[in-house]
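Structural characterization, general
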Amino acid sequence: MAEDMDLRHLSRATQRNYLRDVERFATWLGRPPDTASGEDLRQFQLGRKLITPRTRGVCRRA
């Protein structure tokens, strides 16, 4: 994932934020995020009380 973000020329701050959000999702999911379904992501987003449009976009792209 880090190599892909480098290829897209994402800033280090953006990469750090993406990785943090993927880690949060994986912790919530209880398994590797690459095994998640669209419905898993939807439930994660619905469960977040203060989700912002920016965070929603980050989670969707991750």
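In this text the structure is predicted, and so the values were computed from the model without any measurement. (Residues numbered from 1 in each chain as written. Predicted model: local features only at pLDDT ≥ 70, side-chain atom pairs only at ≥ 80, totals over all residues. Heavy atoms only, no water.)

Brief notes about the packing of aromatic side chains
Tallied over the full model, the rule gives three aromatic pairs. Both rings, one in Phe 25 and one in Trp 28, keep their centres 6.0 Å apart while their planes meet at 20°; by these two values the pair is stacked. With Phe 25 and Trp 28 both in helix H2 (residues 12-29) and three residues apart, this pair spans about one turn of that helix. Feature note: the residues Phe 25, Trp 28 and Phe 44 constitute an aromatic cluster, connected by ring pairs. (Phe/Tyr/Trp six-rings, centres within 6.5 Å; stacked < 30°, edge-to-face > 60°. Helix = DSSP H or I, 4+ residues; strand = E, 2+ residues; numbered from the N terminus.)

A word on the confidence of the model for the protein
In this model, the protein carries an average pLDDT of 86, and 77% of its residues clear a pLDDT of 70 or more. Within the protein, H2 carries the highest mean pLDDT (94), whereas helix H4 (residues 53-61) carries the lowest (64). (pLDDT = per-residue confidence, 0-100.)

Describing unusual backbone geometry
Positive phi, close to 60°, is recorded for His 9, a residue that is not glycine. With respect to the element layout, His 9 can be found in the loop between helix H1 (2-7) and H2. By relative accessible area, which is 72% here, His 9 ends up exposed. (Buried < 20%, exposed > 50% of the residue type's maximum accessible area, 1.4 Å probe, protein only.)

Brief notes about the environment of Thr 35
With respect to the element layout, Thr 35 can be found in the loop between H2 and helix H3 (38-47). A relative accessible area of 41% means that Thr 35 is categorised as partly exposed. A distance of 2.9 Å separates the side chain of Thr 35 from the side chain of Arg 31, its partner in a polar contact. (Polar contact = N/O pair within 3.5 Å; in protein donor to acceptor, adjacent residues only side chain to side chain.)

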